[in-house]
Amino acid sequence: MSATAIRVRPRRARGAGLGLAAWLAGVVFFLPIAWMALTSFHSESDAATNPPSFGAALTLDGYREFFGAGGGASPWPALINSTVASVVSTLLVLLLALPAAYALSIRPVKKWTDVLFFFLSTKMLPVVAGLLPIYLFAKNTGMLDNIWLLVILYTSMNLPIAVWMMQSFLAEVPVAIIEAAQIDGARLPTVLGRVVAPIALPGIAATALICFIFSWNELLFARVLTGVVAETAPVFLTGFITSQGLFLAKVCAASLVISLPVLAAGFAAQDKLVQGLSLGAVK
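This one's a predicted model, so the numbers in the text were calculated from it and none came from an experiment. (Residues numbered from 1 in each chain as written. Predicted model: local features only at pLDDT ≥ 70, side-chain atom pairs only at ≥ 80, totals over all residues. Heavy atoms only, no water.)

Caption draft 1: Fine view of the overall build of the chain. The helix and strand tally for the chain stands at 14 helices and 0 strands. From first element to last, N terminus to C terminus, the chain shows the α and β order α-α-α-α-α-α-α-α-α-α-α-α-α-α. For the chain, the residues scored as buried account for 34% of the 283 residues in total. In the chain, the proportion of contacts linking residues at least 24 apart, taken out of those at least 6 apart, comes to 75%. For the chain, the exposed area adds up to about 16,500 Å²; of that, 70% sits on carbon and sulfur atoms. (Helix = DSSP H or I, 4+ residues; strand = E, 2+ residues; numbered from the N terminus. Buried < 20%, exposed > 50% of the residue type's maximum accessible area, 1.4 Å probe, protein only. Contact = heavy atoms within 4.5 Å. Areas by Shrake-Rupley, 256 points an atom, 1.4 Å probe, with all protein chains shown as cover.)

Caption draft 2: The arrangement of the packing of helix H8 (residues 175–183) against helix H9 (residues 188–199) in detail. The geometry of H8 relative to H9 is characterised by a closest axis approach of 11 Å and an angle of 160° between their N-to-C directions. Put simply, H8 runs roughly antiparallel to H9. Regarding H8 and H9, the two cross each other, and that crossing is right-handed. Judged by residue contacts, Ile177, Ile178, Ala181 and Gln182 of H8 engage Val191, Val195, Val196 and Ile199 from H9. Considering only residue class, the contact of H8 with H9 consists of 7 nonpolar, 1 polar and no charged. (Axes fitted to C-alpha atoms, helices over the stretch in contact; angles between N-to-C directions. Parallel < 35°, antiparallel > 145°, perpendicular 65-115°, else oblique. Left-handed = near helix turned anticlockwise from the far one by under 90°. Nonpolar A, V, L, I, M, F, W, Y, C, P; charged D, E, K, R; others polar.)

Caption draft 3: Seen up close, the packing of helix H4 (residues 76–105) against helix H10 (residues 201–217). Their axes nearest at 9 Å, the elements H4 and H10 cross at an angle of 140°. Looking at the two axes, H4 sits oblique to H10. Two packed elements cross with a definite hand, and for H4 against H10 that hand is right-handed. Contacts between H4 and H10 involve Leu79, Ser82, Thr83, Ser86, Val87, Ser89, Thr90, Val93, Leu94 and Leu98 from the first element and Ile204, Thr207, Ala208, Cys211, Phe212, Ser215 and Trp216 from the second. Across the contact of H4 with H10, the residue classes break down as 10 nonpolar, 7 polar and no charged.

Caption draft 4: A look at H10. Between its first and last C-alpha atoms H10 spans 24 Å; for 17 residues at 1.5 Å apiece the expected length is 24 Å, and the two agree. When H10 is considered as a whole, its buried residues turn out to be Pro202, Gly203, Ile204, Ala206, Thr207, Ala208, Leu209, Cys211, Phe212, Ser215 and Trp216. (Expected span 1.5 Å × (residues − 1).)

Caption draft 5: Seen up close, the UniProt feature "transmembrane region" (unreviewed entry) in the chain. The positions UniProt marks with the feature "transmembrane region" (unreviewed entry) are residues 20–38, 84–104, 116–135, 147–170, 191–215, 221–240 and 247–269. Split by type, residues 147–170 is 100% helix and 0% strand. Its first and last C-alpha atoms lie 32 Å apart. (UniProt positions renumbered as here; feature names shortened; annotations may be inferred.)

Caption draft 6: Broad picture of the pattern of salt bridges. Inspection of every chain in the model, using the stated rule, returns 2 salt bridges. Of the charged contacts in the structure, one is a salt bridge between Arg64 and Asp61, with a shortest N-O distance of 2.8 Å. Residue Arg64 and its partner Asp61 are located together in helix H3 (residues 61–66), separated by 3 residues, close to a single helical turn. Classification of Arg64 as partly exposed rests on a relative accessible area of 43%. With its nearest N and O atoms 3.3 Å apart, the salt bridge here joins Lys250 to Glu65. Here Lys250, found in helix H13 (residues 248–268), pairs with Glu65, found in helix H3; they are 185 residues apart in sequence, far enough to count as distant. Taking relative accessible area as the criterion, Glu65 reaches 35% and is therefore assigned partly exposed. (Salt bridge = Lys/Arg side-chain N within 4 Å of Asp/Glu carboxyl O.)

Caption draft 7: Representation of the side chain of Lys250. Judged by its relative accessible area of 18%, Lys250 falls in the buried class. In contact with Lys250, not counting residues within four places along its chain, are Glu44, Gly62, Glu65 and Phe240.

Caption draft 8: Representation of the packing of aromatic side chains in the model. A complete count under the given rule lists 7 aromatic pairs for this structure. Among the aromatic residues, ring-to-ring pairing joins Phe66, Phe67, Trp76, Phe236 and Phe240 into one connected group. (Phe/Tyr/Trp six-rings, centres within 6.5 Å; stacked < 30°, edge-to-face > 60°.)

Caption draft 9: Structural view of the nonpolar core. Grouped together as the largest cluster of nonpolar side chains are 28 residues, with contacts concentrated most on Tyr102, Met166, Leu170, Ile178 and Val196. Secondary-structure elements contributing two or more residues to this core are H4, helix H7 (147–170), H8, H9 and H10. Dropping the residues within four chain positions of it, Val196 is found in contact with Tyr102, Ile106, Leu170, Val173, Ile178 and Val191. Core analysis: the second largest hydrophobic core is formed by 19 residues, Met36, Phe66, Phe236 and Leu237 among them. (Core = buried A, V, L, I, M, F, W, Y, C linked by side-chain atoms within 4.5 Å.)

Caption draft 10: Molecular detail of the side chain of His42. Of note, His42 is situated in the loop between helix H1 (3–40) and helix H2 (44–47). Excluding residues that lie within four positions of it along the chain, His42 makes contacts with Ala47, Ser53, Phe54, Ala56, Ala57, Leu58, Thr59 and Ala249.

Caption draft 11: Representation of H4. A rise of 1.5 Å per residue sets the reference length of H4, with its 30 residues, at 44 Å; its end C-alpha atoms lie 42 Å apart and thus fit the reference within 8%. At Ala97, H4 shows its largest bend, some 25°, and a proline, Pro99, comes one to four positions later. (Bend = angle between axes of the 7 residues up to and from the residue.)

Structure, rendered in structure tokens:
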């Protein structure tokens, strides 16, 4: 047996071991979702058994109750509010973060690393620390229970991380292409929209997906600043948790339905997400 074959076998063994470990990690992360999906199709009595019953009869009662079949509130206003707040805030973040990241990467300002650190330092403040001032501001301006207040908050909360991410993505754009476009007479909006954005599209898609997920899952501000009109899906979900009666199957059904937009967005943009998150990883 040659020395080359001896060296190849350990490499294949290590590769197989890493592959097996990756599959095991994937299964571990997938199990809670599978458990939630299975529980959502059980009756409340079967869902509350300990240990759980895997062979219990399946039913759609949890989903019927979530969609208001039993006389409860309809989830559609909350789902629409979450969609509006998440999509509009994500679009605003992209419109603001793209020129800012352009200035910090392709046309860097002085001490641009300090600027990035300042952006990121705003995420270090505990969210609850700013809750009271924002609540008082919303109360005095008459913006309580207003979906556009959440749009403004989500935009400001996601903008620092978006600028941080997109700066590294735009740093991979060849400067020669931008200079060629400028020589041809292209102004800054044209350069950003027709030159920079198509090249950095995977990074922009990854940033948009992360901002969308953060906005969709946000609960604290939505819980305190909204009531009935601007109630979002996570706030609507918490209404199923009561101190009396069984609610596990209904909560699992609601959680699965509310998670579907995020899962669908992640599945649709998975190729762009992988490309975007890998930009700049290899020099």
